[in-house]
Structures are given as C-alpha cells and as structure tokens.
Amino acid sequence: MSETHEPTNVASTEPQVDEQDLAANEEMVEETYQITIKLPGQAGDIKTTASPREAMHDIKQSIMESPETCAHSCFYLAFKGKRVNDFNELGEIEGITPECELELVEDSYTERDVRLHINRLRDLLGGPYKPNPAAIGIDPAISFLTAVTGEIDEELIVEGERKMEDLFSDAPIPEHAFTNTDLHARSQLSRFVPSSFQRLAPQCLKSLTLSGWNPVPHPQRLKGDLLYIAVTTLENETIHITANTRGFFVSNSSNNKFDPTPREGPSHKTMAAHSLITLLQHVSPQFATQFVKLQDFITQHHMLEVLPVNTFFPSHPWAVQTPKQIYDPSRTAEPYLNFGIDAVESLRDWNDELQSHRELPKTNLQERVLRERLITKVQSEFTEAAVKGAMAVVNGAVMALNPLESEDSHMYVYNNIFFSKGNDGRGTFESLGADEAAHVATGKDLEGVKILNSIDSEGLYTLGSVIVDYKGVRMVAQSIVPGIFRRQDESSIVYGSVDNGVQIASDKSFHEAINKDIAKSLHLAEHTLLDDKNNEVNLFTSLETKGLLGADGRRYLLDLYRINPVDIGFQETMCVEKPSDGLPIYPHKMTLLRPELMSLFWEHKFRAWVKVKTDEVKKERALEAKTEDKKDEQKEKKEDEKEKKEGEEVEVEEDVKIDVNEFQLNFNPDVFTDAKQASTGTNDLKQQEEIVREASKFLNEEIISSLVLDFASYAISPLDGDALTKAMHRRGINMRYLGKVASLVAVSEDKRIEHILRLAIQEMVIRCSKRLLRTFLFGCTLEESSACVSHYLNCLFGYEFNPKPIPTLAAGQSKDDVAWAQLTPASLKALLKEQIAIRFRYSLQDDFLSVIQPLPTLREICLRTGLQVEARDYRFQAYTEEEVAAKAAETAAAESANAARQKQNNKYKKAPKKQTVVKEVSKERTTTFVPDDILNVMPTVKQASARSVFAEETFEAGKMSLAQGHRQLGLELLLESLTLHEQTYGFLHPETSKCYATLAMIYHHSEDREAALDLQRKAVIAAERTNGVDHPETVHHYLNLGLFEHAAGRTKLALRYLKHALYYWDLLFGPGHPDSATADNNAGVMLQSLRDYPTSAIFFERACATQENVLGKEHVVTATGYHVLAKAYTLQGDFAKALEAEKVAHAVFEAKLGPEDPRTKESDTWLRELTSNALLTAQRALDQIKVAETSVAQPTPTAAPAPQVPRGELPIDQVLQYINAPSTSRKGKKKASKHT
C-alpha cells in the first residue's frame, strides 16, 4: 500500500523503524573491542570486552564489579601513558584499536572518593541480599533462582546423544524434586521462601563504623587525612584506620587516645594500602579467609541477582519471613556516606532534570537511546524520592505550606517535590462526587501524563508525577514548575480555565502546539467554549486541562484527567437518582471512557468508512464498465488473463487510492459536562454528542461481549486479578464493568469460563476490601495499623475458625472508639455486598465468601494495600471433632504432667536449686491472624513510567517477521530490540524480561540450548525482581526454564523449577485453571524420562481431570489427555486402567474426528492390543486360581507376580511389541522416540 491511515495507538508519533537506524544499531551490536587491563604492581592483567560506543566510566564500573578487581574503586585508565577522560567513548580515544591495552592507575583520594570506597565495601560485605531496615519494605527486589537451582549434578546433553538404554534401566529411580511429595496437598504459605535460600552472606568483620575522632582536625587536613574509621575484626581487635589522599593506613589511635600517626607492623613496616580491602586482608587473617568465601558466595549468584534495580520500582513480596536485625553501627551514617556532610548531593531540581533530558536531541538511534535511558533513570529516581517523601508527609514529619487551612487541603514540599492529597480539599469536584471523584481524577491525571509522555510532543511538557497510597491516604507527588509559588498563578495559566469556565484562556502558540501532535494522536476535536461573559474560546483539550507558562519559558500541561470523553451510557443509567438496575446510585460522575477504547472505536469507524468507500469505488467501476464502448470491452477481454493473475493485488492498489485524509472522526472531551459550549457551523454539538454516545454503546454492546468470547476461546486466560484487570484495560473496559463481565459469564453457564466468574467475584471482593481498609487505616496511628488489618482479615477469612473474633485494642480503648473494631464477620459481609452492588453493579449470592479462595485473595489484598504478612500456615477452617478431641487430650496430658512435676517439686522445698522447671502449656491461637502477623504496612505506587517506543516497535517488527516466516530477519530485529531494551530500560525491567523470554523461546526451537537457557534465566531474574517472585509472568518463565533444562538433558533440575512454579501457581489460583493441564503434562513427561512412572501417572491424571472439568468428557483435547494417560498406565504396567482410559479416548476420537483420522487409528491400535492383553491377563488369573484351589500345600491362594515391564518413553509400536513379546526377547536394545 502506498498510503496508510495514521496509527491509532495513543503513543504513535515516534518515527517508525527505518533501515538506516537498524544498520547503525547492527554496527553497534556487532563491533566489539577486546581490552586488556594491566593492573598495578605485580597483580598481572585482566581481559574484558566492550563496545566502541561504551563510555569509559561504564568500563571502570565493570572493573569495580569484577571479583578480581573489586578492591579498586579510586583509579583512572591510561592509554599509552596518557590519562583517558572518563566521559569519552572507547572508540573516541586517539590511536585505539580493537585489541588494545589499558593501564589501571591508582588515583589520589578525595573525601567523596573515600565515602564511595567505604560504601562499596559495605555493599560487598552485605552480599546480594543486604538487609536494609531503611527500605520501604522487607526483601525488596528479591530473587530465588539460585536457591531453587541448588547444586547441579547433571551435564548438558545434546538430544541426539542421549542413550536410549537408560530408559530401560533396572537401576533404582533417581531421587528428584517430587520424590516423596504429596501431589494432592495444597501449597503451604510457610514454604513461600525456599528453605535453601541463603539471605546472609559470610561474615568478614564484626563492625565497620566511622570513628568518634571525626571530623578531621585542621592540622591533619594539611597532612592529607580525609576520614577516620574504626574496625572490629573477627579476631575481636578494634583498629583505627585513617583514610588519606594516598590510601588507607592503620593509625595508633584508640577509643581513648587520638594518635593519627601510622602504626608499624611486625616487620617495622607501615600497615598501609591504597585500598581498604587490601589493608584489611593484611591486618586480619580471618577477614582474608572470609572475604574469599564472600566472593564465592556472591559469584554463585547470577549477575542480575547482584545488580541493583535502578530503572524500575522494585517488587516486594507479600509474604515474608520475620527479618533478622543485624548490628551495624555505621548504618546511621549512611546519609553522610551517600551525600556528604551537608547533603548537598541529595538536593536535586527534579523538574529541570526531567525537562532537560526530554529536550535532548533524537535525530539518530544513539541520541534516542541515550535520551530515553536518561529519562527512564531520572523518572525511577524521582519515584523513589517521591515515595519516601510521601511516607514522611503521612507520618507527620513534614510541615505543611498552608498550616492554617483545613487538613484536607494541606500542601507540602519535601526534597524539591510538591505533595498534595488526592481528595477534594478545595471543592472542585463537589458536583461530581467530592472525594470519590477526586480520588479517581488523580489516577486519570497520571494516565494522561503517561499518554502525553508517550506521544512526546515537542514544545509541550508534563510534570514528573507519582501517586502514593499509604495508610489510607492518597498523596500526589509532582515536580515543581519554576515560578509556580509566586502570586501570579492566574496570569501564568494561558490555556484552559482555573475557575470552572468563568475565565477561559487559549494562547495561540499553545493551541498550535497541541494541534501538532497531541490532538492528532488522541483524535481530539477543536471545540468552542463560552466563558462567563459569553466570549467564544477554541480549545482542543477539556476545560479543566490547564496550560501553564513556567518561569523557565516552558509550556506545561496540567490536570490531564479529562482527555477522554464521558461514558454517557453508564452515567445516564447508573449515576441518576434511580439507576436502571435497581441498585444504589453510583458514588461519582467521574466515569470516563478509557484511551484504549477511543483508539479501538476510531479504528472500528475507520474500517467501516473504508468499506463504504470501497463499495462506492466498485459501483463506479461497474457503471464505467457499462458505458464503455465495445472496442474497449474486447481489449479488456484480451487482457483478462493478465488481470486474473494479478488478482487481489490490483484490487488492493485500487483501494489505496482512497484518500484516508477524508476520514474525520474526532472526540470532544467537554460534551456532557458543565462546560458551556457553542454550536455553530461545522462545530455541531449534537453530532459530537452522538459520536461519544456511540462510543459508549460500542463499549457496552461489542467490546465487553467480545472479551467474554476471548475468555471462552482461551485467547486470554488470566491467573490472578491483576492479569484480569490488564486484560480488561487493554480492551478499553473500565473496572466498573467487572460486574457486567461476571454477569455475562454466569449467564453463559459455560464450564470453560467458570474460573473467570470465580476470579471476577474475587477481584470485586479485593477491590472493595482495598477501599474499606483504606478507610479504616486512615483513622489509625501507625502502631494501631497491624491490629486493624489483622481484625479485618479475621472477619474476612477466619469466620469459620472463629465466628466472633475479638479485636486487639490499645490500653484504654474500647470498641466504640474506633470504627474497625466494630467489624464482625456478618457486618463485613454485608458491607462487601453493599459496596460491590454500588461500585460494580453486581448482586452477590449470600455464600459468596465460599466462592473465593483464602490464600489467592489474601495475596491480592496484601499486594494492593501494601501489606507484608508473615509467611506461615494460617488456619481458615474450624477444627474437626477429631482434632478437638486430640487437642483436648494433648492439653490434659500436658497439664497432668505439669501437676505431677509441681507435686514432686513441693516435696523438695528445701532444695530450690534442684527444682524442675515447669513448662507452661502452649497457648493456641484463638483467631486466624494476630497483630504480630502483620510485619509491615508500606505504600503502593503508581507512576507514569517512560516507554521506549523505538525499542518496542523493533520488538513487534521482529515478532511479526517471525510470524510471516522470515526467521533470520525476525531474529536480527529481536536481537537489536534486546540491545535497545538493555540500553534504555536496563537489565532489570519487566519489558526487558519479556524480550529475554521471547528470544529464549526462539533459540529453544532452533535447538540452541545454551543460548536459550542463558536468556531464560535472565528473564526469570528480571521478572522476579521487578514483577514479583509469585507474579504470573514469573511463574510462566520458571515453567519454560524447566522445559528448556529438560530439553538440554537436565531433567532433575527441570523438575525443581517446575515444582517451584507449581507451588506459586497453587497460591495464585488454586487447582482447576485450564492452563495447569499443560504444566501437569510437561511434569509427567519429564518424570517418565526418569522412569518414575507412578508419579508421572498422577500428573497425567491431574491433567485429565482438569481438561474434563473445563472442556467436558466429549472434547477432543480431553480425549487426547486420556490417550496419553493410557500410555502412562501401560508404562506403569497397569493394563486394566490403560484399557479403560483408551476406551474413553477412542470413543471421542471416533465420534468427533471419524474413523479415518490418524488419532482415531492410533487409538484403535492401542485399544485392540490392550484388549487382547487384558483377556490374556484374565485367563492367566483364572488358571492360577484353579491351581491354587487344587493345591493342598498352599492353604491360601497367592497370585503369581505379574511379569515386570521395562519402562521408558516408548512409542506405541515398541510398547505393544514389548507387551506381546516373550520374556527372552526383552533383553535386547530398544529404540525410543520422545513421548509427547
């Protein structure tokens, strides 16, 4: 096609992938330099690989992180004796060659260098998972891959080199992950953290702290002293070390005496070294020994497990072990070590940094990558600072800018970040639902910022924005616009209105800038509004969106919550006094359509318009053909064959002649609002209203029903509520329609999507629980939070265990003092039913709590509200009569034993030293949760994270090329996309993780096992540390890693990964998910390769049960499962069960596929052979019974042992050949193909 209509994605203005950029990137990827780094003294040299585009400071960083050179942090690199600038690229060095030698030269220290050096040592001593009580949560960015992997005792085996004789070995079944495991037991939360996980690194020092002799006195500064350190070694010796410009040395100082002179060692030599690590190795033999162990411990972990997560907000697990506090006297000195004595380094102008990075050039690939990397990094750092600031504000540690106003309207500035509360403190949303509407508006505003950032319009800027929900308070954090606090707010607003339409501004340059990119991408209609004096003003954005001219001359767009139109269909039926469904009125009118829906609706209307235009063109052609003279008709007949050959190509070419610019469909975001609009000429208000009404109808009548069809066809199959939410949002469906989705699923009565109904109800309960907990926590102090949360969870989950839980209250408090303490299981159930009816328009059954599963629901509530609970086994069901009796007997026995001991002790009152200690009877829990189970309440974060459009477009282009069969081109594009992802997002990012996983699958299919495994491990770690250890994507990555390991010949390791993934799968969803059948089948196949046929049969049985429950017994997929199960029973030697399973499979195959289908024929062969074998077995059994009855010597008949069947992954012909062969012929070699 020579023309294409404009892209409808909301982020579509970035240039498309072009050949010049790809060629430049290919050159960048392929060219590498092999560098030799010569180390100082007699330390030798190391070799490293780098790109000529790599900056020298990045090469220095890789040297510092290498185990061989980790002692060096203050040095520079020299080439041919000349110092190289750290900010130069490697390829820019004059005279550099692909195989060159650089020299590592130890540099003089500054005070900042010393602080960095000590921090580096502290990071090393802490290990990969250094405990940090100052972090916002427990175990941030944790990964379990090394712990799950354990010790690998298998070699990589190429598939063609596998010895098939091993499959028929009579040797014992090798021990594996599922040995002696109850496969029918549910996952226990106490095993959330793998038992093999080692958090603490080997200890090298008892303490390392700043000396009390700091700061350095003036005379010593003149001698080069920078800092004093006190170290207590494992030998219990406390030494004082001086950091000097030349390095570190042991001084004669002690805790009581200041003597900064160097101390002499045993051989009268000064104990000094350029590196503190080297000095400690000389001073403390135990440090030297333990430091080697520490390095081994660190190198056991994958590189990505050790790297810090600095371009994405790290994940925090919801279930954690009680953290062990480590004594570290220098922990309180971290602010100084990080930022210096006056903390100047911590003060940043966030807004200027963000906007300056956005103004960087982007004319070629390298400039784009650098620009996007810097934007991603500064946004991540801004998010981290905003979260800490929001916590300080909520905890009362920051003074408000306007303390005399009401608390709801307080504003704060902390760390150069502006904070406000996400409620209606100034009455802006009073007519739309007050605080409810304001809460939604903050989320929509962040969504608007994200969309405008992705459009990346020149000349228009958005603020750095983060939403932090903490302890029931929503805080909005924004970067500060220069000049915003001056008393000129009205004059600085040059677009939109600050007073709800009394005065409306429309700066011409602002208007043109919005029209250039934003209005075109979002299909915004230019519309005319009337101010209070009926002056006409033209805008593209909504009335509430404000254009601000900052003191720095930049144009900023603020309040972007209404860039999409109102969902008028919902508002007219549910936001009125008497809603059409008979349920209570919806709580607010901030019901807007999603940007994804507007994009889908625009495309839908565009396709319809193209079809109409195409039909018109065809009619014109037909009319022209009738009016042509006969000569032309004859000429056309002669060329008829040529036209037929070209076929559809001609039609496509002619269709393209339609001018797509004629299609005009834009949306007015101000229709159906309080804004006064003028309807004149082309600006037809009624037409604009009808378009928005049609979009709302399109959502209700087409999109929602198509989502349910996608569920039924398994086009999407969410594992948890978060995945369900993303699936709805991708299709433009707001979560207020979740009740409608649940109703459609329930009405269908389709077993295939029963799990969706359960998931939808669970998600509604979770969302309403989040709102209720937010309300209850808002009135709590931090120390009351754990009691509040535990009581809420007892009422929600522990009502069977204890129908009347008693809240834990502080001394002097009563139930009437706090709202949460008045909760009971019955009142909470009524509250949830009411809230779900109001917010989701769905009426729950009375037994709805029995539908939801406790652990998956608990997990989601914790993740949504920022709770971290102890990883222990919580009891949700009441004790059975047998358990009660057993516990009563146990208690009575303990009391009796204690009484006997007490009586015995009373006889010997004169000898108190010999008294036996009376052990108290352990107290049983009376509720499911206690306050001590809640280990942390932390904030949840929403951010306008940056997107690398070019990297993602290259990724999609690669996948498309692969789908079209262009494997080499697709692979090259994906590799280039991976490089762009790593350079832009960093190694540890969800998008990079997806890229790793996609490439790993391609290498797996092309049988490049090592490359596939390496990439898949990276995908697992990146997903664990950014999405979460139990996130659905992480679970799928582990399942695929298991598949790849099995394909590489390491089946026992593969089963460890599968067991780990299935454990979290059960926590996520429980049994019965349609996709779980695939995982069970894979586990069964792997166990067959280890000759553990009984365990493999259990997995195949589970897969069959899932398929039958979801699809029904008459489905072909279920029949295939039974056919596989029959093979498993045959390998196990249980021919009776194999026959029954094959009968089920054969009946379905014959009915659904017909007798001529290959699957039916194969099943028929199996059935005949198994039937004849069953008859033979039955005849032998009868003969044995007759022999036993006539035998006098044997009073009780004993059945002869069944002939032992060798087991392996056999195809049908060889299994049947084995079954029917005489015993003497079974010893020869047998060939087997892979069982599927």
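Only a predicted model underlies this, so the values are computations on that prediction, with no experimental measurement involved.

## Thoughts on the packing of helix α33 (residues 1032-1047) against helix α35 (residues 1076-1089)
Contact geometry for α33 and α35: axes closest at 11 Å, N-to-C directions at 25 degrees. The angle between α33 and α35 falls in the class roughly parallel. Between α33 and α35 lies a crossing whose hand is left-handed. Where α33 approaches α35, its residues L1039, G1042, L1043 and H1046 are matched on the opposing element by A1079, N1082, V1085, M1086 and S1089. Residues belonging to the contact of α33 with α35 are distributed by class as follows: 5 nonpolar, 4 polar and no charged.

## What about the environment of V378?
Among the secondary structure elements, V378 is positioned in helix α11 (residues 365-394). Separated by 68 residues in sequence, V378 and N310 place their C-alpha atoms 9.5 Å apart. Sequence-distant contacts of V378, defined by excluding residues within four places in its chain, comprise R348, W350, E353, L354 and H357.

## Let's talk about helix α10 (residues 350-358)
Buried residues of α10: W350, N351, L354, Q355, H357 and R358, and no others. Taken down its axis, α10 places every buried residue within 160 degrees of arc, on the same side. Where the residues of α10 are buried, they touch α11, β13 (417-421), α12 (435-455), β15 (473-479) and β21 (555-558).

## Details of unusual backbone geometry
Residue P215 is bonded to the preceding N214 through a cis peptide linkage, with omega at -5 degrees. The backbone phi angle of D559 is positive, close to 55 degrees, even though this residue is not glycine. Mapped onto the secondary structure, D559 falls in the loop between β21 and α15 (568-574). A relative accessible area of 26% places D559 in the partly exposed class.

## Focus: the confidence of the model for the protein
Taken as a whole, the protein shows an average pLDDT of 84; of its residues, 86% reach a score of 70 or greater. Here residues 910-922 scores under 50 on pLDDT; set against residues more than four positions off or in separate chains, the count is 12 contacts. pLDDT under 50 marks residues 1218-1236. Its contacts with residues more than four places away, or in other chains, come to 36 contacts.

## As for the sheet that holds strand β20 (residues 546-549)
Here we have 4 strands laid out as an open sheet, ordered β17-β16-β20-β21, and antiparallel in their pairing. A single partner strand is all that each edge strand has here, and the edge strands are β17 (505-506) and β21. Taken together, the 2 bridges between strand β16 (residues 493-496) and β17 define a ladder with antiparallel strand orientation. Residue pairing across strands places G496 opposite A505, the latter belonging to β17.

Basis of the calculations
Residues numbered from 1 in each chain as written. Predicted model: local features only at pLDDT ≥ 70, side-chain atom pairs only at ≥ 80, totals over all residues. Heavy atoms only, no water. Axes fitted to C-alpha atoms, helices over the stretch in contact; angles between N-to-C directions. Helix = DSSP H or I, 4+ residues; strand = E, 2+ residues; numbered from the N terminus. Parallel < 35°, antiparallel > 145°, perpendicular 65-115°, else oblique. Left-handed = near helix turned anticlockwise from the far one by under 90°. Contact = heavy atoms within 4.5 Å. Nonpolar A, V, L, I, M, F, W, Y, C, P; charged D, E, K, R; others polar. Buried < 20%, exposed > 50% of the residue type's maximum accessible area, 1.4 Å probe, protein only. Arc of directions from axis to C-beta. pLDDT = per-residue confidence, 0-100. Pairing = 2+ DSSP bridges.

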